[in-house]
Amino acid sequence: MSIVPLPDFRLTIDGKDVSPKIRPRLSALSLTEARGEEADTLEITLDDSDHGLALPPIGATITLQLGWARGGGGVTAGLVEKGRFVIDTLEHGGPPDQLIVRARAADMTGALTTRRETSWRATTLGQVVADIAGRNGLTPRCAASLAGVPVSIVAQSRESDMALLRRLGRAHDAVATIKHGALILAPTSAGVTATGQALPSMTIRRSDGDRYGLTIERKEAVTGVTAAWHDLGAARRHLVHAGGEGRRKRLARVHASEAEARAAAEAEHARLARATRTLRFDLALGRPELAPEQRVTPRGFRPEIDARPWLITRAVHMLAEGGALLTTLEMEGVS
């Protein structure tokens, strides 16, 4: 007789384990993990028909572990650390009376969202990351391939540190994110943890899921990318190109050097190439260990899917009333 897996979770609020109180009231729990462009979010829906729940304070810190108390069917028993979150919204209503708690990743709050005025000149990308990490109490983790990239000038004008990091990431085809107290800047698809260790590549099979969807967009719509840079000495503006001729996308920002303009054009061209193939897959048994930037190898799908690796861009882990733990993956095709 096959063993039926049993989902499990552990929640703490400001260090206190509230799982025993939450468990019989849980209607739904949804964790959305995104690439560096946005904060991870947690939503918990609880039954409060007896008005026996005390409202947690806004700003309280939640920690979440998610997984399986009993394995089987291809999943392994054990809980996975999913991070720290700060409660920013409470909703109560009915009937039936319910409490909805919404929280954002703790690392994405606070001073990181404060607009600043500063600039860097004649430095490196690694130094910029180190400076931003230092003033936010974070550990800098800039990939070796990016740390030495020269930076002529970076101006931060009424822009938050998080917005600046995302802009630098887009300009270098990199993911800028904060996880577990570390500020990470790594090439897209590098697949590294907060400590710089490689994320394991995972295999998913068609039989693992209930539903999938493949989208292929016309790659020829944009054949290349053009970026501009300003030569102060000659008082002239120059253009650089990445990709083929034909229909080119023009980047709006004017860069301070040819090298920076070329890097931005190549980064955008690589992003557009990945975005032409996207795959969504609903796993019947949740895999909370899966996270954005991990590579996935599919098996048993169409040849167009199995022929290439895929990169997770978003993972949604859902724990529903009745004991179902599900995971939905959104992925980009890797050329």
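What comes next concerns the included structure. None of the values given here were measured: they were computed from a predicted structure.

Quick look at the overall build of the protein
- Looking only at helices and strands, the protein has 6 helices and 21 strands in total.
- Principal axes of the C-alpha set define a box for the protein whose edges measure 75 × 50 × 35 Å.
- Within the protein, the fraction of its 335 residues that count as buried is 44%.
- For the protein, the centre of its 44 positive side-chain charges and the centre of its 39 negative side-chain charges are spaced 5 Å apart.

Things to note about the packing of aromatic side chains
- In this structure the tally under the stated criterion is 2 aromatic pairs.
- Taken together, a centroid distance of 5.2 Å and an interplanar angle of 90° make the contact between Tyr 212 and Phe 301 edge-to-face. A residue pair is termed long-range when its members are at least 10 positions apart, and Tyr 212 in strand S14 (residues 209-216) and Phe 301 in the loop between strand S19 (295-299) and helix H6 (303-306) qualify at 89 residues.
- Its relative accessible area of 29% is what places Tyr 212 among the partly exposed residues.

A closer look at the sheet that holds strand S17 (residues 248-255)
- Reading across from one edge, S16-S15-S17 is the order of the 3 strands in this open sheet, with mixed pairing throughout. With partners counted over all chains shown, the strands left at the sheet margins are strand S16 (236-243) and S17, one partner each. Averaged over all adjacent pairs, the angle separating strand axes in this sheet is 25°, with direction ignored.
- Relative to S17, strand S15 (residues 224-231) runs parallel, the two sharing 5 bridges.

Some remarks on the pairing of S16
- In the sheet, S15 pairs with S16 via 8 bridges, with the strands oriented antiparallel. If you follow Trp 229 over to S16, its bridge partner there is His 238.

A few points about unusual backbone geometry
- Here the residue pair Gly 94 and Pro 95 is connected by a cis peptide bond, since its omega of 0° sits within 30 degrees of zero.
- Tracing the chain through its elements places Pro 95 in the loop between strand S6 (78-93) and strand S7 (98-105).
- Positive phi is not limited to glycine here, since His 51 has a value of about 55°.
- Locating His 51 in the fold gives a position in the loop between strand S4 (41-47) and strand S5 (61-70).
- Taking the relative accessible area as the measure of exposure, His 51 reaches 54% and is therefore exposed.
- At Arg 158, a residue that is not glycine, the phi angle is positive and equals roughly 50°.
- Relative to the elements of secondary structure, Arg 158 occurs in strand S10 (residues 150-160).
- The exposed category is assigned to Arg 158, whose relative accessible area is 55%.

Points about the nonpolar core
- Grouped together as the largest cluster of nonpolar side chains are 27 residues, with contacts concentrated most on Ile 132, Ile 178, Leu 183 and Leu 185.
- Where this core is concerned, the elements lending two or more residues are helix H2 (125-135), S10, helix H4 (161-171), strand S11 (174-179) and strand S12 (182-187).

With respect to the environment of Ser 157
- Its place among the elements puts Ser 157 in strand S10.
- In contact with Ser 157, not counting residues within four places along its chain, are Arg 116 and Glu 117.

Section: H4
- Within H4, 8 of the 11 residues are buried, leaving the element largely enclosed by the surrounding structure.
- One or two residues past the end of H4 sits Asp 173, with phi positive at roughly 50°.

Observations concerning H2
- Among the residues of H2, Leu 125, Gly 126, Val 128, Val 129, Ile 132 and Ala 133 are the ones counted as buried. Along the long axis of H2, the arc covered by the buried residues comes to 160°, so they all point the same way.
- Taken from the residues just after H2, Gly 137 is the one with a positive phi, measuring 65°.

Quick word on the sheet that holds strand S9 (residues 139-142)
- Sheet architecture is open: 3 strands sit in the order S9-S12-S11, paired in mixed fashion. In this open sheet, the two edge strands, each paired with only one partner strand, are S9 and S11. In this sheet, adjacent strand axes meet at a mean angle of 10° when their direction is disregarded.
- In this structure, S11 lies alongside S12, joined through 6 bridges in antiparallel fashion. Its bridge partner lying in S12, Ala 176 is registered against Leu 185.
- Contacting S11 and S12, H4 crosses the sheet at an angle of about 150° to S11.

Examining the pattern of salt bridges
- In the structure shown here, the tally under the stated rule is 20 salt bridges.
- Across the salt bridge formed by Arg 10 and Asp 17, the nearest N and O atoms sit 3.4 Å from each other.
- Residue classification places Arg 10 among the partly exposed residues on the basis of a relative accessible area of 35%.
- Among the residues examined, Asp 17 registers a relative accessible area of 34% and is labelled partly exposed.
- Where Glu 43 meets Arg 102, a salt bridge forms, and the shortest distance between an N and an O atom there is 2.8 Å.

The rules behind the values
Residues numbered from 1 in each chain as written. Predicted model: local features only at pLDDT ≥ 70, side-chain atom pairs only at ≥ 80, totals over all residues. Heavy atoms only, no water. Helix = DSSP H or I, 4+ residues; strand = E, 2+ residues; numbered from the N terminus. Buried < 20%, exposed > 50% of the residue type's maximum accessible area, 1.4 Å probe, protein only. Lys, Arg positive; Asp, Glu negative; His and termini not counted. Charge placed at Lys NZ, Arg CZ, Asp CG, Glu CD. Phe/Tyr/Trp six-rings, centres within 6.5 Å; stacked < 30°, edge-to-face > 60°. Pairing = 2+ DSSP bridges. Axes fitted to C-alpha atoms, helices over the stretch in contact; angles between N-to-C directions. Core = buried A, V, L, I, M, F, W, Y, C linked by side-chain atoms within 4.5 Å. Contact = heavy atoms within 4.5 Å. Arc of directions from axis to C-beta. Salt bridge = Lys/Arg side-chain N within 4 Å of Asp/Glu carboxyl O.

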